[in-house]
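Notes for the structure review
One-letter residues, chain by chain:
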Amino acid sequence: MTSLNTHSDPLILEMRSITKEFPGVKALADVSLRVKAGEIHAICGENGAGKSTLMKVLSGVYPYGTYTGDIVYQNEVQEFKDIRASEHAGIVIIHQELALIPELSIMENIFLGNEPTKRGVINWAEARTRSTELLARVGLREDPDTPIKEIGVGKQQLVEIAKALNKSVKLLILDEPTAALNESDSQHLLDLMLGLKGRGITSIIISHKLNEIEQIADEITIIRDGKSIETLNVKADGVDEDRIIKGMVGRTLESRFPDHEPKIGEVLFEVKNWNVGHPQIQDRLVCKNSNFFVRRGEIVGFAGLMGAGRTELARSVFGRSYGRFISGHVYKDGKELQLRSVRQAIDAGLGYVTEDRKSLGLNLLDDIKATTVSANLRKISKNFVVDANKEYAVAEEYRKSLRTKTPSVEEGVAKLSGGNQQKVVLAKWMFTDPDVLILDEPTRGIDVGAKYEIYGIIQKLANEGKAVIVISSELPELLGLSDRIYTIFEGAITGVLNKDEASQESLMKLMTSARKTA
Amino acid sequence: MNALKKLFGGNTRQFGMIFALVALIVFFEIFTEGRTLTSGNVINLFNGNSYILILAIGMVLVIIAGHIDLSVGSVAAFVGVCVSLFIRDWGLPWYIGVLMGLGLGVLIGAWQGFWVAYVGIPAFIVTLSGMLIFRGANQFVGKSNTIPVPADFQYIGSGYLAEFGPKTGYNNPTMLIGLLAVAFVIFSEIRSRRNAKKLGAEVPEAWVMVLKLVLVCGAILYATYLFATGRPGTSFPVPGLILAVLIIVYGFISSKTVIGRHIYAVGGNRHAAELSGVQSKKVNFLVMMNMSFLAGLAGMIFVGRSTASGPFDGVGWELDAIAAVFIGGAAVTGGVGTVIGSIIGGLVMAVLNNGLQLLGVGADLTQIIKGLVLLIAVAFDVYNKTQGKKSIVGMLMKNFGRSSEIKADETTQTKEVISRGI
């Protein structure tokens, strides 16, 4: 690898065989990335492929010494201790969740941590002149004194870029910059990136929106399962979306799911005319007259865009743990249930695995065994006294059957990888022995190998005659796993498709329109 | 080093506290020229601190659940004055007075628990208000006077066990309690070891268990000896006995029962607990109610010991109890803490107080020292966690032998835990 100076275009950054491990997971294995000076370089990959981890290594979030491999930046091997060190070198990362303080003004945010001072006192006059300049450069027409909370996400994104420019950025990294933006804001941002390129600033963009990448990127590096697969030159290789997808997926859809022969029985669980109001906003419905049913042994998918009301529907059914209940009926085995609390829902045979494992699903202070039994303490207690021996035995049993990777069940759940944490959460709900199990984004933040195992567990639960509901943002996952898929748009169920009639296109159509099917 | 860890079940924090307590006792024993470990002083120490330790038991549960209770001193004083008046003015027998005092504590706790759990007002505010209300109520009801209590009521605050049986030269009931405690410790250790073995869990070598038992039983027997050889008529004090019963009961509740699990769950992650079917409001209510119940008990013990109720009883107790809990390893944000840890934390403070007093150090310096001890104990804990939970012994050995590298992801993950945990 002595190619440093032999290329016609000089490299600004070369990451050489970066390997980064977390307990139980190899997040990055021998990843290489070569970015030419002055280009826009895109990184593509599925969720959990390792894109963000790679950028965290680059920006010093994971400091030097915690990974192996070299970062060569501007012809020197760098050893960043923290984000400050990488910023000092001119590498600025803008995360998907913006790091702005809502109460402070645009100007104060731009200069936060980098205030222009004169003898220790902030020189606001200079700050104002410079922020006006910076705002003009990013094309944001706003008074620098406007509080951040009063401008939209698109404009906030521009403030972040202005903040980066103020730090004399040489390499700008944008993690999913357009994920939360509308069409015109996205276009403005992309134009801005091209403008910055004209001024000699190199950018790395991570995005799922392949059409945007095709539009602005010069080169694309594809990462899959923690490995760098290939680097494509957009013009020379004639890259289009299909070509990128082929690199990202790298295998046929079928092989991502274990074989499964569904054994579907009669209707087990049914929700009728379900209406739920928003917890804070009066007169706003998060579930609008929803009807659905699940049969014994069936895996039913719920597809919808972010904020469509999938989680709200599931949690309101699960013991009214979300929103204001307005009206509706829940039936199991034809009998109506009254589910006023989570306790009642669990007792009635419902289980709900949350999408937000860390803040809603786990007590990160607990160990595996305490977590496993936490939703069904009664089963292992006598006279309100918990039998520690039974607790250990139960946890051990699930550790073996779900193949959770851990030294022992007395390990803290905070130490486990995402996939193993999810297995512990699944064990917790399997131990309540539910007839109806709702899984909200069951594979979020989990690596591909563990996903496959989780799919296997879900299918096994269905085969045991349970009714399983899977909510997911990943359409391939729903298509591969579900026997039937409901689509939700703005709180209303807009359609239902059988496995054989569903495709990404047909689902997407229903997920983005209020069209009601008969 | 590993053996030491095994000795204390890998709980380095608890080990650290026990170690600090023993070191403190040894330190004062040397520098007070043997005046620390005398029967009289040890009995005094227990009598004078039992009410704070009782408060610490309730407080640790409150803090585990993620709350705080600033009203305990005022509640204790209010219950104390009411009971004194029941007995003096209404002529009730002392035991009815005690029962009514406990009932009053429960009522006050229900009041505070209602606001915290069902209205959702932070416990800090509710109990700050309670601190003012019940201090005022104490002075209003007692007209800011001192109200004496009869001798039989004083038994719960400063009484001793009645002597019985043959003349052995030791106090027989104290000896009996000590021997029962030793028997219980041995029995339970052997049983838990057998159970762990049966489940196939890893158990430490036999000599580790024997050594642990020898150390623990030795300590119990030595304490028994101290209590049993006081001047005639003294024994293990009654408040100490009440405290011991409470430690056993609450230690059991917090670690072995369903409600105990629920307290930790609510404090650790309220939302996750609720989505697992835990009724967090009920848990919060019970925890706050229990605190005032124990505060009432502590107030009565204090009145019994000081022979009268006064307008400034219990001033500053809440801070002593809270300090004991945090020295004992609880986390400000909830979810972490143990009853036994808090008791050890409280004893560290008590021994410090007592020893400095024996050395003739003034109240001013004593406060400064206690303040620093609190800070250092918690700082030590935070440091330990950021270092990937290393043991004290490990830290002492840091510069010897193999260097211990910290894995990066471990630190980032523990940081996550700490940002919630401390």
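Keep in mind that what you see is a predicted model, and the values were worked out from it rather than measured. (Residues numbered from 1 in each chain as written. Chains lettered and ligands numbered in written order. Predicted model: local features only at pLDDT ≥ 70, side-chain atom pairs only at ≥ 80, totals over all residues. Heavy atoms only, no water.)

1. Focus: the interface of chain B and chain A
Each partner contributes to the interface: chain B provides 28 residues, whereas chain A provides 38 residues. Remark: the boundary between chain B and chain A carries 1 salt bridge. Note that Glu391(A) is salt-bridged to Arg261(B), the shortest N-O span being 2.8 Å. At the junction of chain B and chain A, the tally comes to 6 residue pairs in polar contact (both at pLDDT 80 or more). Going through the elements one at a time, helix 10 (238-256), helix 11 (258-268), helix 12 (270-274) and helix 18 (408-421) of chain B are the ones with two or more residues in the side of chain B that touches chain A. (Contact = heavy atoms within 4.5 Å. Salt bridge = Lys/Arg side-chain N within 4 Å of Asp/Glu carboxyl O. Polar contact = N/O pair within 3.5 Å; in protein donor to acceptor, adjacent residues only side chain to side chain. Helix = DSSP H or I, 4+ residues; strand = E, 2+ residues; numbered from the N terminus.)

2. Here we look at the sheet that holds strand 17 (residues 335-337) of chain A
Residues and elements named next belong to chain A. Taken together, 4 strands build an open sheet; the order of strands is 14-13-16-17 and the sheet is antiparallel. The open sheet is flanked by strand 14 (285-295) and strand 17, the only strands paired with a single partner. Across the sheet, the axes of successive neighbouring strands diverge by a mean angle of 15°, strand direction being ignored. Here strand 13 (residues 267-277) runs beside strand 14; their pairing, made up of 7 bridges, is antiparallel. (Pairing = 2+ DSSP bridges. Axes fitted to C-alpha atoms, helices over the stretch in contact; angles between N-to-C directions.)

3. Digging into the side chain of Ser74(B)
All names here are of chain B. Residue placement: Ser 74 occurs in helix 4 (residues 72-89). Engagement of the side chain of Ser 74 in a polar contact is seen with the backbone oxygen of Met 131, the distance being 2.7 Å. Not counting residues up to four positions away in its chain, the partners in contact with Ser 74 are Gly 130, Met 131, Phe 134 and Arg 135.

4. Describing the pairing of strand 21 (residues 436-440) of chain A
Residue and element names in this part refer to chain A. Of all the 5 residues making up strand 21, 5 are buried; the element is thus mostly covered by neighbouring parts of the structure. What you see with strand 21 is no split at all: Val 436, Ile 438 and Asp 440 on one side and Leu 437 and Leu 439 on the other are buried throughout. One ladder, built from 4 bridges, connects strand 18 (residues 350-353) with strand 21; its direction is parallel. The residue of strand 21 that forms the bridge with Leu 350 is Val 436. (Buried < 20%, exposed > 50% of the residue type's maximum accessible area, 1.4 Å probe, protein only.)

5. A look at the pattern of salt bridges
Residue and element names in this part refer to chain A. This model, assessed by the stated rule, comprises 28 salt bridges over all chains. With its nearest N and O atoms 3.6 Å apart, the salt bridge here joins Arg 16 to Glu 14. A relative accessible area of 22% means that Arg 16 is categorised as partly exposed. With its nearest N and O atoms 3.1 Å apart, the salt bridge here joins Lys 466 to Asp 433. Within this pair, whereas Lys 466 is found in the loop between helix 15 (448-463) and strand 22 (467-471), its partner Asp 433 is found in the loop between helix 14 (418-430) and strand 21, the two being separated by 33 residues in sequence. A residue is classified by how much of its surface remains accessible, and Lys 466, at 9% relative accessible area, is buried. Ionic contacts of the salt-bridge type, sharing partners, join the residues Glu 14, Arg 16 and Arg 34 into one network.

6. Description of a negative patch on the surface
Together, Glu214(A), Asp240(A), Glu241(A) and Asp242(A) line one region of the surface with negative charge. Note on Asp240(A): relative accessible area 35%, which makes it partly exposed. (Patch = residues over 30% accessible without salt bridge, like charges linked within 9 Å, V, L, I, M, F, W, Y side chains within 5 Å. Areas by Shrake-Rupley, 256 points an atom, 1.4 Å probe, with all protein chains shown as cover. Lys, Arg positive; Asp, Glu negative; His and termini not counted. Charge placed at Lys NZ, Arg CZ, Asp CG, Glu CD.)

7. Some thoughts on the packing of helix 8 (residues 172-198) of chain B against helix 9 (residues 206-228) of chain B
Each pair of packed helices can be described by the angle between their axes along with the distance between the axes. All names here are of chain B. Two elements in contact, helix 8 and helix 9, have axes whose closest approach is 9 Å; the angle formed by their N-to-C orientations is 165°. Comparing their axes, helix 9 and helix 8 come out roughly antiparallel. Crossing hand, helix 8 versus helix 9: right-handed. When helix 8 is examined against helix 9, the residues Thr 174, Met 175, Gly 178, Leu 179, Ala 181, Val 182, Val 185, Ile 186, Glu 189 and Arg 193 are found in contact with a partner set consisting of Ala 206, Met 209, Lys 212, Leu 213, Val 216, Cys 217, Ile 220, Leu 221, Thr 224, Phe 227 and Ala 228. Its residues assigned to classes, the contact of helix 8 with helix 9 shows 15 nonpolar, 3 polar and 3 charged. (Parallel < 35°, antiparallel > 145°, perpendicular 65-115°, else oblique. Left-handed = near helix turned anticlockwise from the far one by under 90°. Nonpolar A, V, L, I, M, F, W, Y, C, P; charged D, E, K, R; others polar.)

8. What about the confidence of the model for chain B?
Counting all residues, the mean pLDDT for chain B is 85, and 87% of those residues have values of 70 or more. pLDDT under 50 marks residues 388-422 of chain B. Its contacts with residues more than four places away, or in other chains, come to 52 contacts. (pLDDT = per-residue confidence, 0-100.)

9. Structural notes on the sheet that holds strand 21 of chain A
Residue and element names in this part refer to chain A. Taken in spatial order, the 6 strands of this open sheet run 18-21-22-15-23-24, and their pairing is mixed. Lying at the two open borders of the sheet, with one neighbouring strand each, are strand 18 and strand 24 (492-498). For this sheet, the mean angle separating the axes of adjacent strands, direction not counted, is 20°. Of the strands in this sheet, strand 15 (299-304), strand 23 (484-489) and strand 24 touch helix 17 (residues 504-511), which is tilted by about 35° from strand 23.

10. Notes on helix 5 (residues 153-166) of chain A
All names here are of chain A. In this model, helix 5 (14 residues) spans 20 Å end to end at C-alpha, consistent with the 20 Å of a helix rising 1.5 Å per residue. With 12 of its 14 residues buried, helix 5 lies for the most part within the structure. When helix 5 is considered as a whole, its buried residues turn out to be Gly 154, Gln 156, Gln 157, Leu 158, Val 159, Glu 160, Ile 161, Ala 162, Lys 163, Ala 164, Leu 165 and Asn 166. Those residues of helix 5 that are buried are in contact with strand 6 (91-94), helix 3 (106-110), helix 4 (124-138), strand 9 (171-175) and helix 6 (183-198). (Expected span 1.5 Å × (residues − 1).)

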